[in-house]
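Here's the letter readout for the chains.
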Amino acid sequence: MWMTKKVLLFCDPGIDDSLAIMYAMLDPALDLVGIVTGYGNITREQATANAAYLVQLAGRGDIPIIPGASSPVQQEDVIFYPEIHGKEGIGPIRPPADMEYHIYPFDTIRTIIERYKNELIIVSTGRSTTLANVFILFPDQMEFVQSFYVMGGAFFVPGNVTALAEANFFGDPTSSNYVLTFAQNLTITPLNVTRHAVITPGLVDEIAQSKKNVYSFMIAPIFKYYYRFYKEKTPGIKGAPIHDLLTVMLVKNPDLVDYINYDANVAEGIETKGLSYIDVRPSSPKGQTRIAIDLHYEKFIMRFKEVMVPEY
């Protein structure tokens, strides 16, 4: 019998973040104990509303929603991508205009860590700004976090926001470096694997027809919006990659990918901003960070379907 895993999610929903939240809400092996929202795909305020909407749909308004950072530490202009995620983040879906929800103070992160000491897993699928600040503000408490999972980077493969860089690490490379330095028991899921975590129209149709999935009504319109962008950018692609979903799934299913172990870094210079890299020279020591490299696609689809299509 598996033990329920306590997950504190840092995110910026965003279509792929939203699907990651849906999965976490529906998988009985995961206990989502809090959601920390920040800028990234959309503003912090919209990300907060989207997260609140998703937990309310599942009847879990008790899950703390904690607003985080609204901009990177470099205080640069934040660029949003409505052509990918929609103006309000979940494609054509809009939270109700009259929706009421409670937000929690930032210090709630500290109390959550203390409550679930040594069993809490932190997953970050957005920019690293908020998580870096948690390390700075609560260094003693962060020692008790069991493990960290971070979606970010692209190791020896093209980026998705520039030729070199993946969006999360590009958005705040200084904070990303801070997290990579201080997060113990860290797993990184870069574009190497997440770009292959493709959900197809056929699978989406199955989820949309599920009578036991509270999110089934929104899956098809969200996917259609997201897939349209990827078809334009990558002609011939069979579906849309759901980057953040895979990161959450690895908490329960580490065998979905193969790993290498190296210390990772993020370039902060102007020309190479956001580039993630490791030192693979034979004379260089390997590190402790697990970096996901190869995805077992069929197993990924099967595990996703088991949760999202309960009657499967």
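Refer to the structure above for everything that follows.
Now for a look at the structure at hand. (Residues numbered from 1 in each chain as written. Predicted model: local features only at pLDDT ≥ 70, side-chain atom pairs only at ≥ 80, totals over all residues. Heavy atoms only, no water.)

Another aspect to go through is the environment of Gly153. Mapped onto the secondary structure, Gly153 falls in the loop between strand E5 (147-151) and helix H7 (167-171). For the pair Gly153 and Ile188, spaced 35 residues apart in sequence, the C-alpha to C-alpha distance is 8.0 Å. Those residues in contact with Gly153 that sit more than four places away from it in its chain are Glu166, Phe169, Pro190, Leu191 and Ser276. (Helix = DSSP H or I, 4+ residues; strand = E, 2+ residues; numbered from the N terminus. Contact = heavy atoms within 4.5 Å.)

Our focus in this paragraph is the packing of aromatic side chains. Each aromatic ring pair is summarised here by two numbers: the centre-to-centre distance and the angle between the ring planes. On inspection of all chains with the given rule, the structure shows 9 aromatic pairs. Members of the aromatic cluster, connected to one another through ring pairs, are Tyr23, Tyr297, Phe300 and Phe304. The cationic tip of Arg228 hangs over the ring face of Tyr225; the distance from NZ or CZ to the ring centre is 4.8 Å. (Phe/Tyr/Trp six-rings, centres within 6.5 Å; stacked < 30°, edge-to-face > 60°. Lys NZ or Arg CZ within 6 Å of the ring centre and 35° of its normal.)

Our focus in this paragraph is the side chain of His243. One can find His243 in helix H12 (residues 243-252). Among the residues examined, His243 registers a relative accessible area of 7% and is labelled buried. There is a polar contact of 2.8 Å between the side chain of His243 and the side chain of Thr194. A polar atom in the side chain of His243 sits 3.2 Å from the side chain of Tyr230. (Buried < 20%, exposed > 50% of the residue type's maximum accessible area, 1.4 Å probe, protein only. Polar contact = N/O pair within 3.5 Å; in protein donor to acceptor, adjacent residues only side chain to side chain.)

Where nonpolar side chains cluster on the molecular surface, the patch consists of Ile136, Leu137, Tyr178 and Phe182 and spans about 390 Å² of accessible area. Counting residues per element, the ones that place at least two in the nonpolar patch are helix H5 (129-137) and helix H8 (173-182). Assignment of secondary structure puts Leu137 in helix H5. (Patch = residues over 30% accessible without salt bridge, like charges linked within 9 Å, V, L, I, M, F, W, Y side chains within 5 Å. Areas by Shrake-Rupley, 256 points an atom, 1.4 Å probe, with all protein chains shown as cover. Salt bridge = Lys/Arg side-chain N within 4 Å of Asp/Glu carboxyl O.)

So, about the environment of Asn192. Along the chain, Asn192 turns up in helix H9 (residues 191-194). Here Asn192 falls in the buried class, since its relative accessible area comes to 8%. For the pair Asn192 and Ala292, spaced 100 residues apart in sequence, the C-alpha to C-alpha distance is 7.3 Å. At 2.7 Å, the side chain of Asn192 and the backbone oxygen of Phe155 are in polar contact.

Moving on: the nonpolar core. Of all hydrophobic cores here, the largest spans 65 residues; its most connected members are Met22, Tyr23, Ile35, Ile199, Leu246, Phe300 and Phe304. Excluding residues within four positions of it along the chain, Ile199 makes contact with Val204, Phe223, Gly239, Ala240, Ile242, Leu245, Phe300, Ile301 and Phe304. Judged by nonpolar contacts, the second largest core, of 32 residues, contains Phe138, Val179, Leu186 and Tyr262. (Core = buried A, V, L, I, M, F, W, Y, C linked by side-chain atoms within 4.5 Å.)

The N-to-C vectors of helix H1 (residues 15-26) and helix H11 (residues 216-233) enclose an angle of 150°; their axes lie 11 Å apart at closest approach. When the axes of H1 and H11 are compared, the pair comes out roughly antiparallel. Of the two possible hands of crossing, H1 and H11 adopt the one that is left-handed. Residues Ile15, Asp16, Leu19 and Met22 of H1 touch H11, and the partners they reach there are Met218, Ile219, Ile222, Tyr225 and Tyr226. (Axes fitted to C-alpha atoms, helices over the stretch in contact; angles between N-to-C directions. Parallel < 35°, antiparallel > 145°, perpendicular 65-115°, else oblique. Left-handed = near helix turned anticlockwise from the far one by under 90°.)

All right, on to H11 then. Helix length check: H11 (18 residues) gives 27 Å between terminal C-alpha atoms against 26 Å at 1.5 Å per residue, within 8%. Buried residues of H11: Ser216, Met218, Ile219, Ile222, Phe223, Tyr225, Tyr226, Tyr227, Phe229 and Tyr230, and no others. (Expected span 1.5 Å × (residues − 1).)

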